Amino acid sequence: MASVTLKKSADSFIKRKHPWIFSGAVEKVEGNPSNGQTVQIFTSDKKPAGNGSFSPSSQIRVRVWSFDPEEKIGVDFFKRKISLASSLREKIIDTSKTNAYRIINAESDGLPGLIVDRYSDILVCQFLSAGAEFNKNIIIDILDDVFNPTGIYERSDVEVRTKESLQPVQGLLKGTLPKDFVEVRENGFRFLVDLINGHKTGFYLDQRNNRKLISEFAKRKSVLNCFSYTGGFSVYALASGAERVTQIESSLSALEIANKNIELNGFDLSSVENINDDVFKVLRKFRDERRTFDLIILDPPKFAESASQIQQASRGYKDINLLAMKLLNPGGILFTFSCSGHISQELFQKIIAGAALDSEREVKIIKQLTQAADHPVALNFSEGLYLKGLVCLVD
């Protein structure tokens, strides 16, 4: 079996059980492993430390499958890991009200590079690492056997795969898909999801709990939902009695689905204003018009794709939060988020503090938010905590 031996300086990483071994930590590779093939991992003093998938072109040279050197990486291993992940979701998801949730959350479920989301009877997968791709057929067969879905669809159409010498791909792996949208339930609400063209795997499942929280603040309020996508936050706001909801979204097709979702849940579009434009541009226009709101939601896409973009992203986050603070009525509420893994919780809070200072408003954090529980974070993998959110009172 092919193997990787670590440098002495890297032994501490494997002892801390971090699932990533970077190229600079590797002293020697033996056996000429192919892309994604399982390799044995040895410490610098030749002690076996586990097994992982090898990626010769990635900075993350090995992603650890198991820290047990005796564990075989095959059908039984993947069955066990997938069953454990499924068991956790059975404990934390009320499936009588919610049938759209994450089943496998990559490294934090012990399956590096593998994302599996459930949308009613459809599974949507992302194979983001060489190891996940190498074992794709095994994984698909197990998913089909365990969950018996009507269809398994792949959304590996992401650039991160190129870092693993893999091409972005998308398509049906098993079964069938509905002609247009999949209808799902979330906390009793109904949503149409575009699995083929939608963001990520179709819907922002990680925001489930935060959408529900909106209900505590939106009653009789004017709400501005920025980067509104398909109207998730808007539906919850209207359900809790919001007077009016304004949605800003650059994708016209997403806004059209948002309208369908609002009507699907029994709400009249007469209380909804849709703006198909750039959020930064519209917020500046609202500022110049002195237009104000009681509740503003900022849920932007990832601003920092890499560490080199942190400074630029920080400016973007500050700019948009500064504009939002200026548009809030006294006593208004700001829900603000960052899904950029390279932006730490500490940095994000510092950015929001800077925006508050420049806005000349008095701002207090009243809640700190993160991703839903079906997106767990393993304690040996802090990188799994990517969604940061703050609920702020703006006076």
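Shown above is the structure to which this text applies.
Here the structure is a predicted model, which means the values were calculated and not measured.

What counts and what doesn't
Residues numbered from 1 in each chain as written. Predicted model: local features only at pLDDT ≥ 70, side-chain atom pairs only at ≥ 80, totals over all residues. Heavy atoms only, no water. Helix = DSSP H or I, 4+ residues; strand = E, 2+ residues; numbered from the N terminus. Rg over C-alpha atoms; globule rule 2.2 N^0.38 Å. Buried < 20%, exposed > 50% of the residue type's maximum accessible area, 1.4 Å probe, protein only. Pairing = 2+ DSSP bridges. Axes fitted to C-alpha atoms, helices over the stretch in contact; angles between N-to-C directions. Parallel < 35°, antiparallel > 145°, perpendicular 65-115°, else oblique. Left-handed = near helix turned anticlockwise from the far one by under 90°. Contact = heavy atoms within 4.5 Å. Nonpolar A, V, L, I, M, F, W, Y, C, P; charged D, E, K, R; others polar. Core = buried A, V, L, I, M, F, W, Y, C linked by side-chain atoms within 4.5 Å. Salt bridge = Lys/Arg side-chain N within 4 Å of Asp/Glu carboxyl O. Phe/Tyr/Trp six-rings, centres within 6.5 Å; stacked < 30°, edge-to-face > 60°. Lys NZ or Arg CZ within 6 Å of the ring centre and 35° of its normal. Disulfide = S-S within 2.5 Å. Expected span 1.5 Å × (residues − 1).

Caption draft 1: View of the overall build of the chain. Looking only at helices and strands, the chain has 10 helices and 20 strands in total. Against the compact-globule benchmark of 21 Å for 395 residues, the chain has a radius of gyration of 22 Å, which places it among compact chains. Its C-alpha atoms give the chain principal-axis dimensions of about 65 × 45 × 35 Å. A burial count over the chain gives 55% of its 395 residues as buried.

Caption draft 2: Representation of the pairing of strand 5 (residues 48-54) within the structure. Counting buried residues along strand 5, six of its seven residues qualify, which places the element largely inside the surrounding structure. Bridge count between strand 4 (residues 38-42) and strand 5: five bridges; the pairing is antiparallel. Of the residues in strand 5, the one forming a bridge with Val 39 is Gly 52. Counting the residues between successive antiparallel strands, the hairpin from strand 4 to strand 5 contains five residues, one of them, Lys 46, with a positive phi of roughly 70°. As defined by bridge partners, strand 5 adjoins strand 6 (residues 60-66) across four bridges and the pair is classed as antiparallel. Opposite Phe 54, over in strand 6, you have Val 62 as the bridge partner.

Caption draft 3: View of the packing of helix 9 (residues 310-327) against helix 10 (residues 345-359). For the pair helix 9 and helix 10, interaxial distance at closest approach is 8 Å and the crossing angle is 45°. When the axes of helix 9 and helix 10 are compared, the pair comes out oblique. Handedness of the crossing formed by helix 9 with helix 10: right-handed. Residue-level contacts link Ile 310, Ser 314, Tyr 317, Lys 318, Asn 321, Leu 322, Met 325 and Lys 326 of helix 9 to Leu 347, Phe 348, Ile 351, Ile 352, Gly 354, Ala 355, Ala 356, Asp 358 and Ser 359 of helix 10. Across the contact of helix 9 with helix 10, the residue classes break down as 10 nonpolar, four polar and three charged.

Caption draft 4: Main features of the sheet that holds strand 3 (residues 26-30). Ordered in space as 2-6-5-4-1-3, the six strands form an open sheet in which the pairing is mixed. What marks the edges here is a single partner per strand, and that holds for strand 2 (20-22) and strand 3. Across the sheet, the mean angle separating the axes of adjacent strands is 35° when strand polarity is ignored. Taken together, the three bridges between strand 2 and strand 6 define a ladder with antiparallel strand orientation. Each bridged residue has a counterpart across the sheet, and for Ile 21 the counterpart in strand 6 is Val 62.

Caption draft 5: Representation of the nonpolar core in the model. Ranked by size, the top nonpolar core spans 36 residues in total, and within it Tyr 119, Ile 214, Val 223 and Phe 335 carry the most contacts. Contributions of two or more residues to this core are made by strand 9 (122-127), strand 12 (182-186), strand 13 (189-193), helix 5 (208-214), helix 6 (232-239), strand 17 (293-298) and strand 18 (328-338). The leading source of residues in this core is helix 6, at five residues. Those residues in contact with Ile 214, other than ones at most four positions away along the chain, are Phe 233, Tyr 236, Ala 237, Ser 240, Leu 295, Ile 297 and Phe 335. Counting 33 residues, the second-largest nonpolar core is a separate cluster that includes Phe 227, Leu 283, Leu 327 and Phe 348.

Caption draft 6: How the structure looks around unusual backbone geometry. Positive phi is not limited to glycine here, since Ala 106 has a value of about 50°. By secondary structure assignment, the location of Ala 106 is in the loop between strand 7 (100-105) and strand 8 (114-119).

Caption draft 7: Molecular detail of the packing of helix 2 (residues 75-92) against helix 4 (residues 136-147). For the pair helix 2 and helix 4, the least separation of the axes is 10 Å and the interaxial angle reads 45°. With respect to helix 4, the element helix 2 is oriented oblique. Pair helix 2 / helix 4 crosses with right-handed handedness. In this structure, helix 2 contributes Val 75, Phe 78, Lys 79, Ile 82 and Ser 86 to the contact, and helix 4 contributes Ile 138, Ile 139, Ile 142, Leu 143 and Phe 147.

Caption draft 8: Inspection of the pattern of salt bridges at higher detail. Counted according to the given criterion, the structure contains 24 salt bridges. The closest approach of N and O atoms between Arg 155 and Asp 157, which form a salt bridge, is 3.0 Å. Between Glu 362 and Lys 364 there is a salt bridge, with the nearest N and O atoms lying 2.9 Å from each other. Residue Lys 364 is classed as partly exposed on the basis of its relative accessible area of 37%.

Caption draft 9: Representation of the packing of aromatic side chains within the structure. Inspection of the entire model under this criterion finds 15 aromatic pairs. Ring geometry for Phe 280 versus Phe 303: centroids 6.2 Å apart, planes at 35°, classification tilted. Here the residue Phe 280 occupies a position in helix 8 (residues 279-289), and Phe 303 occupies one in the loop between strand 17 and helix 9, the gap between them amounting to 23 residues. Among the aromatic residues, those joined into a ring-pair cluster are Phe 189, Phe 191, Phe 203 and Tyr 236. Sitting over the ring of Phe 13, Arg 16 keeps its end group 5.0 Å from the ring centre. The ring centre of Phe 127 lies 5.1 Å from the NZ or CZ of Lys 136, which sits over that ring.

Caption draft 10: Molecular detail of the state of the cysteines. A full pass over the atoms with the stated rule returns zero disulfides. In this structure Cys 226 is a free cysteine whose sulfur lies 14 Å from that of Cys 392, the closest cysteine sulfur available. According to the relative accessible area criterion, Cys 226 is buried, its value standing at 0%.

Caption draft 11: Main features of helix 9. Helix length check: helix 9 (18 residues) gives 26 Å between terminal C-alpha atoms against 26 Å at 1.5 Å per residue, within 8%. Burial in helix 9 covers these residues: Ala 313, Ser 314, Gly 316, Tyr 317, Ile 320, Asn 321, Leu 322, Leu 323, Ala 324, Met 325 and Leu 327.

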